[in-house]
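Structural overview for review
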Amino acid sequence: MLTARTEQLPVREQHDIVSVRQVVRSWCLALGLGLVDLTKIVTAASEIARNTVDYGGGGTLMLEELRDGLRVGVRLVFEDQGPGIADIERALADGYSTGTGMGLGLGGTRRLVDEFDISSTPGVGTRVAITKWKMR
Amino acid sequence: MPEASANRLIAVIDERFDDLLRNWIADQLAALRRGQIAENDLRVQCTELLQLIRRALVSGAPLDLEAQAWSGARDLLARISVSRAQQGFTPSETATFVLSLKRPLFGVLHTESKDADSLADDIWTATLLLDQLALHTTEVYIRARQELISRQQQDMLELSTPVVKLWDGVLALPMIGTLDSSRTQVVMETLLQRIVETGSDVAILDITGVPTVDTLTAQHLLKTVTAARLMGAECIISGIRPQIAQTIVHLGVDLGDVITKATLADAFKLALSRLGLTVARQRVAPSAAPASAPTAD
Amino acid sequence: MDRIPILRMGPVLLVSIQVDMHDQLALGLQDDLSNAITAHGTKGVLIDISAVSVVDSFMGRMLANIAGVARVLDAITVVVGMQPAVAITLVELGLSLEGVRTALNVEKGMAHLQAVVASAGALSHSTDDADGAD
C-alpha cells in the first residue's frame, strides 16, 4: 500500500476542532468522496478531536492519503499524551460517557468509518486511527 | 535474491535494453488480437516497466513485491491492469503483458551468459520475479472487474428504485427484489434527497415486491425511517406480507413506533389523512340516479 | 466576541446557523436564546440548520439543551432543514435528538409553530385561527 500526501494538525483547543473539520472536509473533497461518506468521516473526526481536546489534554492529528491500486482513502490518526482510557471496551459501547450530558461513546463513531483502531494506556496516552475508503 | 543474479540481470537489461524491448513488444503484438492496443501505448508501458524493474533491482531490494522498492512497478502494473480490465481484455491477455517478457529476457540472458550454473540461477531469479509481477497483475485485474460489475449493479439499482410522487407532499418508493446492504443505502440516500427536494411530509416505503427480509435489511429500513423522521418527515412501511411479518417478529426486530400498513393503498389513505386531506366523490348531475356523495375514507 | 444573531418575529425567535460553530459560539447561542425567550415571552423557537453540513454529538446536545430550556420556559423548539447526509450520519451515530421537533424547511417549521402557538391560546399575530393543530 502506498501512502502519498500527509499533513499534521495540532488538536489542542476548541478552534482546532473546527480546523480539523475543515481540513478533513477539503481532503475528502479532493479525493472525490461522496457527500454521505464525507459527512460521516468529518463527523467522526470532530468527535475524536473533541475527545482529544477535552479528555486527552490536547494532541495531534496526522492525515494520510492512501492509495492501493484500486481504492483511494484517507486515514486520520489522533494521538495524545493524556490520562488514557482505562476500559476501552466500555468506551466503545454506546451510551458511555465520562462527561455531563448524553454521552455517546466511541461505538457510534466506529460505525461511521471503514476502519477503526484504538490503543490507550492509562497514564501514557491514547491513539485513535480511523480510515475511510473510496472505490476508484 | 542472490546479489550476483541481480547484478547480472541489471547488466543484461542495461546492455540489451533495445533488443529486449523490441522483442517483448513484438511477441505481445503477435499474441494479441489486432487493434486491441496501440503499439505506441504498449511501447510506453513496456519501457516504463523495464526501467522500474531495473531501478528496483539496483536498489538491492529483496525479491518481495511488498517491499517499498517495488512499489513503483506494482503501481504501474495495477494501473495497466485496471485499464486492461476496463477495456475488456481477458485475464490471460492481461497477464501476458508481464509473462511475455520471459522469452526475450531468457534469450538475452542466454547469449550474455558466461557459465551454465550462473545462467540457471539467473533464469530462476528472473522467473520468480516475473511470476510474482504477473500474479500481482492478475489480482488487480480481478478486483477491477469486480468493481466494474458492482458499479454496473449500482446503476441498475438506481434505475430500479424510482421515487414516485403520489400527491403533493406524499412520496412512494416501491421496492422490488432483494434488498442488500448497498442497495438499501442507495435507496435511503435517494429517498431522503427527494424528500428534501419535493418538501414531502410523508414517504411510503412499499416492500410488496421484496421476497425476504433479513435482520440487516430490516435495520436498514428502520434507519431510513429514523433519518426521515429526524429531518421532519414521516415514513410508512407498506406491503408487508405475512411471511415477512413473521420473519420480523421471529428475528426480534423492534419496529418501535414505525407505522406499517398491509397495502400501499392503506398507506396512501393514511398519508392523505395526515395531511388533512380526504378523497371525495364528484357530485352527480341532478338528473341522474339518487345522489349520494360518500367521502371515501 | 462573535455571536449567532437571533431574529424575532412576534412570539417566535428565529436562528439561522450559517457558520461552522466552535464550542464557545454554540454555548453563547444557548445563553442568548434562553435570555431572549425570557425577555420576550417567546412561545416558539425555530432553528434553521439547512446550511449546516456536520452535526456532531456536541451540536446535537446543544440542540437538545435548547429545546429543553425552551420547554421549561414554556416555548417549543423546531429544528428545520436538516440535510439528508446529516440525518443519515446522526442515525448511524445513534444520536436521537430527544425532545427536538423537526420540520423539513422554514415554511413548514413556522406553520407548525404557529399552529401550536395559536392552539395554546397564547399571544399570536396571525389573523386566522389554525385548526386541526397538533
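Residues numbered from 1 in each chain as written. Chains lettered and ligands numbered in written order. Predicted model: local features only at pLDDT ≥ 70, side-chain atom pairs only at ≥ 80, totals over all residues.

**With respect to the overall build of chain B**
As a reminder, the rule being used: Put simply, DSSP marks the helices as runs of H or I at least four residues long and the strands as runs of E at least two long, and each gets a number from the N terminus on. Residues with at least 20 neighbouring C-beta atoms inside 10 Å of their own are called buried, those with 12 or fewer are called exposed, and the rest are partly exposed, where every C-beta is derived from the backbone. Think of it this way: build a C-beta for each residue from its backbone, and any pair within 7 Å is a contact.
Scanning chain B for helices and strands turns up eleven helices and seven strands. C-alpha atoms of chain B, sized along the principal axes, occupy 110 × 45 × 30 Å. When the 297 residues of chain B are sorted by exposure, 29% land in the buried category. Considering only residue pairs separated by 6 or more positions, chain B has 72% of its internal contacts joining residues 24 or more positions apart.

**Structural notes on the interface of chain A and chain C**
Applied cut-off: Three classes are used: nonpolar for Ala, Val, Leu, Ile, Met, Phe, Trp, Tyr, Cys and Pro, charged for Asp, Glu, Lys and Arg, and polar for all others, with Gly counted as polar.
Counting residues at the interface gives 22 residues for chain A and 18 residues for chain C. For the side of chain A that touches chain C, the secondary-structure elements that each account for two or more residues are helix 1 (14-31), helix 2 (35-54) and helix 4 (105-112) of chain A. The greatest single-element share of the side of chain A that touches chain C, amounting to nine residues, is contributed by helix 2 of chain A. Taken together, the residues of the side of chain A that touches chain C break down into eight nonpolar, eight polar and six charged.

**Observations concerning the interface of chain B and chain C**
Every contact between the two is made by 14 residues of chain B and, on the other side, 14 residues of chain C. Looking at the side of chain B that touches chain C, the elements with two or more residues in it are helix 8 (181-198) and helix 9 (215-231) of chain B. The residue makeup of the side of chain B that touches chain C, split by class, is seven nonpolar, five polar and two charged.

**Topic: the confidence of the model for chain A**
The cut-off we apply is this: A score between 0 and 100, pLDDT records how confident the predictor is in each residue.
Per-residue confidence for chain A averages 86 on the pLDDT scale, and 88% of its residues sit at or above 70. In the model, residues 96-103 of chain A has pLDDT below 50 throughout and makes twelve contacts with residues more than four positions away in sequence or in other chains.

**Quick word on the packing of helix 2 of chain A against helix 3 (residues 84-93) of chain C**
The test is simple: All axes here are fitted lines through C-alpha atoms, helices being fitted over the stretch that makes contact, and every angle between N-to-C directions spans 0 to 180 degrees. Our angle categories are set so that under 35 degrees counts as roughly parallel, over 145 as roughly antiparallel, 65 to 115 as roughly perpendicular, and the remainder as oblique. By the definition used in this description, the sense in which the near helix is turned from the far one sets the handedness, with an anticlockwise turn below a right angle giving left-handed and a clockwise turn giving right-handed.
At a closest axis distance of 9 Å, the pairing of helix 2 of chain A and helix 3 of chain C adopts a crossing angle of 50°. The orientation of helix 2 of chain A with respect to helix 3 of chain C, classified from their angle, is oblique. The two elements helix 2 of chain A and helix 3 of chain C meet at a crossing, and its hand is right-handed. Mapping the contact onto sequence places Leu35, Val36, Thr39, Lys40 and Thr43 of chain A in helix 2 of chain A and Ala85, Val86, Ile88, Thr89, Glu92 and Leu93 of chain C in helix 3 of chain C. Here the contact of helix 2 of chain A with helix 3 of chain C is composed, by residue class, of six nonpolar, three polar and two charged.

**A closer look at the environment of Ile88 of chain A**
Residue and element names in this part refer to chain A. Checked against the element boundaries, Ile88 lands in helix 3 (residues 88-92). A C-alpha to C-alpha distance of 9.2 Å links Ile88 and Leu106, two positions 18 residues apart in sequence. Those residues in contact with Ile88, other than ones at most four positions away along the chain, are Ile118 and Ser120.

**Comments concerning the nonpolar core**
Convention followed: Under the definition applied here, buried Ala, Val, Leu, Ile, Met, Phe, Trp, Tyr and Cys residues are grouped into a nonpolar core through C-beta atoms within 7 Å.
By size, the foremost hydrophobic cluster in this structure holds 97 residues, and its most contacted members are Ala203, Ile204 and Met231 of chain B together with Ala87 of chain C. With eight residues, the single largest contributor to this core is helix 2 of chain A. Those residues in contact with Met231 of chain B that sit more than four places away from it in its chain are Leu192 and Ile195 of chain B together with Met82, Pro84, Ala87, Thr102 and Leu104 of chain C. Of all hydrophobic cores here, the second largest spans 30 residues; its members include Trp24, Phe89, Leu109 and Tyr141 of chain B.

**Looking at the pairing of strand 1 (residues 6-9) of chain C**
Keep this limit in mind: Any two strands with at least two DSSP-identified bridges between them are counted as paired.
Pairing of strand 1 of chain C with strand 2 (residues 12-16) of chain C, which is carried by four bridges, proceeds in the antiparallel orientation. Bridge pairing links Ile6 of chain C to Val15 of chain C in strand 2 of chain C.

**Side note on unusual backbone geometry**
All names here are of chain C. At Asp74, a position not held by glycine, the phi torsion is positive, near 65°. In this structure, Asp74 sits in the loop between helix 2 (57-72) and strand 4 (76-80). The backbone of Leu97 shows a phi angle near 55°, a positive value even though the residue is not glycine. You can call Leu97 buried: it has 20 C-beta atoms within 10 Å.

**Points about helix 1 (residues 3-15) of chain B**
Side chains three or four residues apart in an α-helix point the same way, a direct result of the helix having 3.6 residues per turn. Residue and element names in this part refer to chain B. Rule in force here: Helix span is expected to be 1.5 Å times the residue number reduced by one. Note: the arc covers the axis-to-C-beta directions of the helix.
Look at helix 1: 18 Å from first C-alpha to last across 13 residues, which is about the 18 Å you get at 1.5 Å a residue. Of all the positions in helix 1, only Ser5, Ala6, Arg8, Leu9 and Val12 are classed as buried. One side of helix 1 holds all its buried residues, which, seen down the axis, span an arc of 165°. Summarising the geometry of helix 1, the exposed residues directed more than 90 degrees from the buried face are Glu3, Ala4, Ala11, Asp14 and Glu15.

**What to know about the sheet that holds strand 2 (residues 170-176) of chain B**
Backbone-to-backbone hydrogen bonds pair the strands of a sheet. The strands run either parallel or antiparallel. Residue and element names in this part refer to chain B. Spatial strand order, 1-2-3-4-5: five strands in an open sheet with mixed pairing. Here the strands that pair on one side only, and so sit at the sheet edges, are strand 1 (164-167) and strand 5 (259-261). When the angles between neighbouring strand axes are averaged without regard to direction, this sheet yields 30°. Two elements, strand 1 and strand 2, share three bridges in a ladder whose sense is antiparallel. Across the sheet, the residue bridging to Lys165 is Leu171, located in strand 2.

**Considering the confidence of the model for chain B**
Mean pLDDT over chain B stands at 86; residues scoring 70 or higher make up 94%. Listed scores for the predicted complex are pTM 0.70 and ipTM 0.87.

**Quick look at the sheet that holds strand 1 of chain C**
All names here are of chain C. If you trace the five strands from one edge of the open sheet to the other, you get 1-2-3-4-5, paired in mixed fashion. The open sheet has two edge strands, strand 1 and strand 5 (101-103), and neither has a second partner. On average, adjacent strands in this sheet sit at an angle of 25° to one another, irrespective of strand direction. The sheet contacts of helix 2 involve strand 3 (44-48) and strand 4, and relative to strand 4 the element is tilted by about 155°.

**A look at the environment of Leu65 of chain B**
Tracing the chain through its elements places Leu65 of chain B in the loop between helix 3 (39-58) and helix 4 (71-87). Sequence separation between Leu65 of chain B and Val108 of chain B is 43 residues; the distance between their C-alpha atoms is 24 Å.

**What to know about the packing of helix 9 of chain B against helix 3 of chain C**
Between helix 9 of chain B and helix 3 of chain C, whose axes approach to 9 Å, the crossing angle comes to 125°. Overall, the two elements helix 9 of chain B and helix 3 of chain C adopt an arrangement that is oblique. Note that helix 9 of chain B runs across helix 3 of chain C; the crossing there is right-handed. Between helix 9 of chain B and helix 3 of chain C, the residues in contact are Lys223, Thr226, Ala227, Leu230 and Met231 of chain B and Pro84, Ala87, Ile88, Leu90 and Val91 of chain C, respectively. For the contact of helix 9 of chain B with helix 3 of chain C, the residue count by class is eight nonpolar, one polar and one charged.

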